Amino acid sequence: MKSGFVSIIGRTNAGKSALVNSLLEEKITLVSHKQNATRRKIKAIVMHEKDQIIFIDTPGLHKSSATLNQMLVESAIKAMGDCDLILFVASVFDDLKNYEEFLTLKPKVPHIIVLNKVDLTDNATLLKKLNDYAKFSDHFKAIIPYSCKKKTYKKLLLDEIVKYLDEHEYFYDPDFLTPSSQKELYRDFILESIYENLSEELPYSSEVIVTKAKEKSNLIIIDAQIITDTHSHKAMLIGKDGITIKRIGKDARKKISQLAQNKILLNLYVIVKKNWQKDEDFLKKNLNYEE
Ligand SMILES: Nc1nc2c(ncn2[C@@H]2O[C@H](COP(=O)(O)OP(=O)(O)OP(=O)(O)O)[C@@H](O)[C@H]2O)c(=O)[nH]1
Ligand SMILES: [Mg+2]
């Protein structure tokens, strides 16, 4: 019996969070076509035959001078040291420069490259890409094409991963999907709905805090605050006659209900907090970026 931790690292939009959901066969992480979507690490417990793999989804690696973004990148880099194996995820279209930059971080544990989104390309392009990576073959243990949409080579990937884990008792109950709390998962589902319903900058000036998640016999009651930085953003989040906030609530409720297999009563409150992205104390205390 093996059990171990695998950090999922890579540039934004490579499909790290989608990979977690696809390997778990359950949606627990926030996925978005927008950049820098993931803000917090979420763990997923995947059982592969008798072995247990704990995947850690991390924020995408990118360069930025903003306090919030720097904290996100630092937390991803920290995750590279807190695991037995790294999956470096790149889309089949990504430049190898991203991988070279990852190597400059000098990962201390072995890594496997997952070449994702192969459903969007043809064999010739894929072969060429594999060939390009081959010149780094001294650095990686394996390179595996993958598609989160089609789950090609899923077993091959899981078989390869367990080779690098140690014999160990299960770290977590094998019946659990995640050790992350309900509140953490729900907050990210609400944030994902904000990404889906609002354009460019607004999701980045907004955050979510779940203040209550209480289970009654046939219902989960959730109270959440949406924090935003200005009154005009608050007005946009709410929308004319509350239409936008209603849509965010409806979408989030659907996702949460799917995961929790229960009815959901979701109360959303929009709160203005100026410059919250620069308030390190607030970020550390409320938003768990560093954990
Ligand atoms: N066609 C296709 N799309 C994919 C695949 N994997 C991910 N995507 C899409 O790529 C986009 C980014 O996926 P995410 O999983 O959010 O990417 P990420 O690496 O977690 O991004 P950050 O959290 O910003 O670092 C989403 O729109 C996904 O639906 C895949 O295998 N095939
Ligand atoms: Mg992500």
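Nothing here was measured: the structure is a model prediction, and the numbers come from that model. (Residues numbered from 1 in each chain as written. Chains lettered and ligands numbered in written order. Predicted model: local features only at pLDDT ≥ 70, side-chain atom pairs only at ≥ 80, totals over all residues. Heavy atoms only, no water.)

**A closer look at the coordination of the magnesium ion (ligand 2)**
Coordination of the magnesium ion (ligand 2) by the protein involves Ser17 (OG) and Thr38 (OG1), with metal-donor separations of 1.9 to 2.1 Å. You can see Ser17 sitting in helix α1 (residues 16-24) and its partner Thr38 sitting in the loop between α1 and β2 (42-48), a full 21 residues away along the chain. Neither residue differs from the other here; Ser17 and Thr38 are each classed as buried. (Donors = N, O, S within 2.8 Å, 3.2 Å for Na, K, Ca; no water. Helix = DSSP H or I, 4+ residues; strand = E, 2+ residues; numbered from the N terminus. Buried < 20%, exposed > 50% of the residue type's maximum accessible area, 1.4 Å probe, protein only.)

**Looking at the site of ligand 1**
Not every one of the 23 residues close to ligand 1 is listed here, only the nearest: Thr12, Lys16, Ala37, Thr38 and Cys148. Here an oxygen atom of ligand 1 and a backbone polar atom of His33 are 3.5 Å apart. For ligand 1, whose free accessible area comes to 660 Å², the fraction covered by protein is 91%. Of the pockets mapped on this structure, ligand 1 occupies the largest pocket. No other element matches the three residues that α1 contributes to the shell around ligand 1. (Near = heavy atom within 4 Å. Polar contact = N/O pair within 3.5 Å; in protein donor to acceptor, adjacent residues only side chain to side chain. Areas by Shrake-Rupley, 256 points an atom, 1.4 Å probe, with all protein chains shown as cover. 1 Å grid on protein atoms, 1.4 Å probe; cavity = no way out; pocket = protein on both sides within 12 Å on 5 of 7 lines; lining within 4 Å. Sits in = over half its atoms within 2 Å of the grid points.)

**Overview of the UniProt feature "domain: Era-type G" (unreviewed entry) in the protein chain**
Under the UniProt annotation, the feature "domain: Era-type G" (unreviewed entry) is placed at residues 2-167. This span, residues 2-167, is 32% helix and 23% strand, and a straight line between its end C-alpha atoms measures 4 Å. (UniProt positions renumbered as here; feature names shortened; annotations may be inferred.)

**What about the domain arrangement of the protein chain?**
For the protein chain, the assigned domains are domain 1 (3-162) and domain 2 (182-286). In this structure, domain 1 and domain 2 have C-alpha centres spaced 27 Å apart. Taken together, the contact pairs 18 residues of domain 1 with 23 residues of domain 2. Of the roughly 1800 Å² buried between domain 1 and domain 2 on both sides combined, carbon and sulfur atoms contribute 56%. By the criterion of area lost to domain 2, the three top residues of domain 1 are Lys34, Arg39 and Arg40, representing 36% of everything that side buries. Where domain 1 meets domain 2, there are four salt bridges. With a shortest N-O distance of 2.8 Å, Glu192 and Lys27 are connected by a salt bridge. (Domains from an automatic or database assignment. Contact = heavy atoms within 4.5 Å. Buried area = accessible area lost by both parts, 1.4 Å probe. Salt bridge = Lys/Arg side-chain N within 4 Å of Asp/Glu carboxyl O.)

**Some details on the sheet that holds β2**
Note on sheets: strands pair through backbone hydrogen bonds, and any given pair is parallel or antiparallel. Strand order in the open sheet formed by six strands is β2-β3-β1-β4-β5-β6, with mixed pairing between adjacent strands. On the outer flanks of this sheet lie β2 and β6 (142-145), each paired with one strand and no other. Across this sheet, the average inter-strand angle for adjacent strands is 25°, counted without regard to direction. Judged from the seven bridges that link them, β2 and strand β3 (residues 51-57) form a sheet pairing that is antiparallel. Within β3, the position partnered with His48 by the bridge is Asp51. (Pairing = 2+ DSSP bridges. Axes fitted to C-alpha atoms, helices over the stretch in contact; angles between N-to-C directions.)

**Digging into the pairing of strand β4 (residues 85-91)**
Burial analysis of β4 places seven of its seven residues in the buried class, the great majority of the element. Both strand β1 (residues 3-9) and β4 contribute to a ladder of four bridges, which runs parallel. Each residue of the ladder has a partner; that of Val6, found in β4, is Leu85. Where β4 meets strand β5 (residues 111-116), six bridges bridge the pair, whose relative direction is parallel. Paired with Phe88 across the bridge in β5 is Ile113. The handedness of the β4 to β5 crossover, carried by helix α3 (residues 97-104), is right-handed. (Right-handed = clockwise from strand over helix to strand, strands pointing away.)

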